[in-house]
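Tertiary structure, described
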Amino acid sequence: MECHDTLWAGHPAEECTSALLYRAYYWPQMAEDVAKYVKTSLVCQKDKSDRLTQAGLLEPLLVPKRPWESVSLDFIIGLPKQPLLLHTMNAPNMSKSPRAVSFSKEWKKNLEIVRSYLVKAQKRMKKHADQNRRFVEYQVGDKVIVKISKQYLFAGVHDPHILQKYIGPLSIEKRIRKVAYWVDTPAWWKIHPVFHISLLKPFREDMEDHSRIQLTVPSIQGPNSTGKMWVEAILDDRVIHASRKDHQEFLVKWQGCNTEKNTWEKGTNLKAYKSPIEDYLASKEPRTS
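Conventions we followed
- Residues numbered from 1 in each chain as written.
- Predicted model: local features only at pLDDT ≥ 70, side-chain atom pairs only at ≥ 80, totals over all residues.
- Heavy atoms only, no water.
- Salt bridge = Lys/Arg side-chain N within 4 Å of Asp/Glu carboxyl O.
- Buried < 20%, exposed > 50% of the residue type's maximum accessible area, 1.4 Å probe, protein only.
- Helix = DSSP H or I, 4+ residues; strand = E, 2+ residues; numbered from the N terminus.
- Pairing = 2+ DSSP bridges.
- Contact = heavy atoms within 4.5 Å.
- Phe/Tyr/Trp six-rings, centres within 6.5 Å; stacked < 30°, edge-to-face > 60°.
- Lys NZ or Arg CZ within 6 Å of the ring centre and 35° of its normal.

The next subject is the pattern of salt bridges. Once the charged atoms of two side chains with opposite charge are near each other, the side chains can pair. The full count for this structure, using the stated rule, is five salt bridges. In this structure, the salt-bridge partner of K126 is D130, at a minimum N-O distance of 3.0 Å. Owing to a relative accessible area of 25%, K126 belongs among the partly exposed residues under this scheme. Residue classification places D130 among the buried residues on the basis of a relative accessible area of 19%. Residue E249 is joined to R238 by a salt bridge in which the shortest nitrogen-to-oxygen separation is 2.8 Å. Of this pair, E249 sits in strand β9 (residues 245–254) while R238 sits in strand β8 (residues 231–242), and the two are eleven residues apart along the sequence. Judged by relative accessible area, which is 8%, E249 ranks as buried. Under the relative-accessibility criterion, R238 is labelled partly exposed at 35%.

Moving on: the pairing of β9. Note that β8 and β9 share ten bridges and pair antiparallel. Bridge assignment links D236 to a residue of β9, and that residue is L251. The antiparallel pairing of β8 with β9 creates a hairpin that spans two residues between the two strands, and S243 there sits at a positive phi of about 55°. When β9 meets strand β10 (residues 263–266), the two strands line up antiparallel, connected through four bridges. Among the inter-strand pairings, L251 is bridged to a residue of β10, identified as W264.

So, about the environment of G168. In this fold, G168 is placed in strand β4 (residues 166–177). The exposure class assigned to G168 is buried, which follows from its relative accessible area of 17%. In sequence terms G168 and L200 are 32 residues apart; their C-alpha atoms lie 10.0 Å from each other. When residues no more than four places from it in sequence are discounted, the contact partners of G168 are K46, V144 and I145.

Let us look at the environment of I148. You can see I148 is positioned in the loop between β3 (143–147) and β4. Taking the C-alpha atoms as reference, I148 lies 10.0 Å from Q164; in sequence the two are 16 residues apart.

With the rule as written, the count across this model stands at three aromatic pairs. On the basis of an interplanar angle of 70° and a centroid distance of 6.4 Å, the ring pair of W230 and Y273 is categorised as edge-to-face. One end of the pair, W230, is in the loop between β7 (200–202) and β8; the other, Y273, is in the loop between β10 and α6 (274–284), with 43 residues separating them in the sequence. Taking the centre distance of 6.3 Å and the plane angle of 90° together, the rings of F250 and Y280 count as edge-to-face. With a gap of 30 residues between them, F250 in strand β9 and Y280 in helix α6 connect regions that are remote in the sequence. Summarising the burial analysis for this pair, F250 and Y280 share the class buried. Residue placement shows K201 over the ring face of Y166; its charged tip is 4.2 Å from the ring centre.

Structural data, given as C-alpha cells:
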C-alpha cells in the first residue's frame, strides 16, 4: 500500500495510514481494511512492540508437601552439617521415646503452619502480579514471532540496534507449561528452543495475499546461513580505551565488499568468526628458523 509500505510513509499506525488515504481515496469499510492491512504487515510485526501488558500470568512454584519432593542445586560450600530433622529420624527408635514422638508431632504441626503461610504469600503475590499481566495461550502449530537477544544470533552485524525486534514466523512445537512453549527454531540457532510466553507474539498472516510474508527490505541473515555478513579476512587490530576499559578491535574485510567497506569491529562482536581471527593472530606470531 502506497500510504503504508513506501519509504516516505514509514509504516505508520492505523490512524496515520487512514489519514493519508482519506486525502485521496474512499471505499466502503475502509477503516476495517486499513486495520487488517496494518496488523498483517510483516515489517510492523517484527519492528514494533505491542503496547500491552506483559503476556502470561504469574505461575509460582508449588510448595512441597514432604521432604525431597522438590530438589534444586546450588553451588554453595561451607554450610554446616545437616541437623537432626524429622525426615532423618529413625521411626522405630522414635516409637520407644515418648519425647521423640511428641517432638515429631510438634514438628509436623509447625511444618503445616509454615506451608500454609507460604501458600498464602504466593496467592497474595500472584494476585498483585497478575494485575499488570494478561492471559495468553497458544496451540501446537500456531505461528509466532520470537523476541530474542540478537548478540547470540548476529555476532558479526555492525550495529545490533538496526536489527528487527522479533524473528519469525516460527511454529509452536509443544507446550511445556502454562507459560513456556517449545518453538521450532532454525538449526543454526545455538540456544534452547523453549521460550517464556512473554517473548512470543502471535504472527498475523494476510490470508488473501500470501506474498506479504516476504520482506521488501533486505534481511540480515545469521552467521551460519547464506547472508551477506561473512568475514573474509582480518587485516589489522588495535586496542582502544573507552568507558574506562580497554577494548580490542579488528579491521574486517567483508566478503563480497570492496576495501571501502572495511570496518573496525569489537572482538566481542566477532564471536561467530573465531577462525579468521585465529588465522590473523597466528600470522602475527614471530617465526622461528
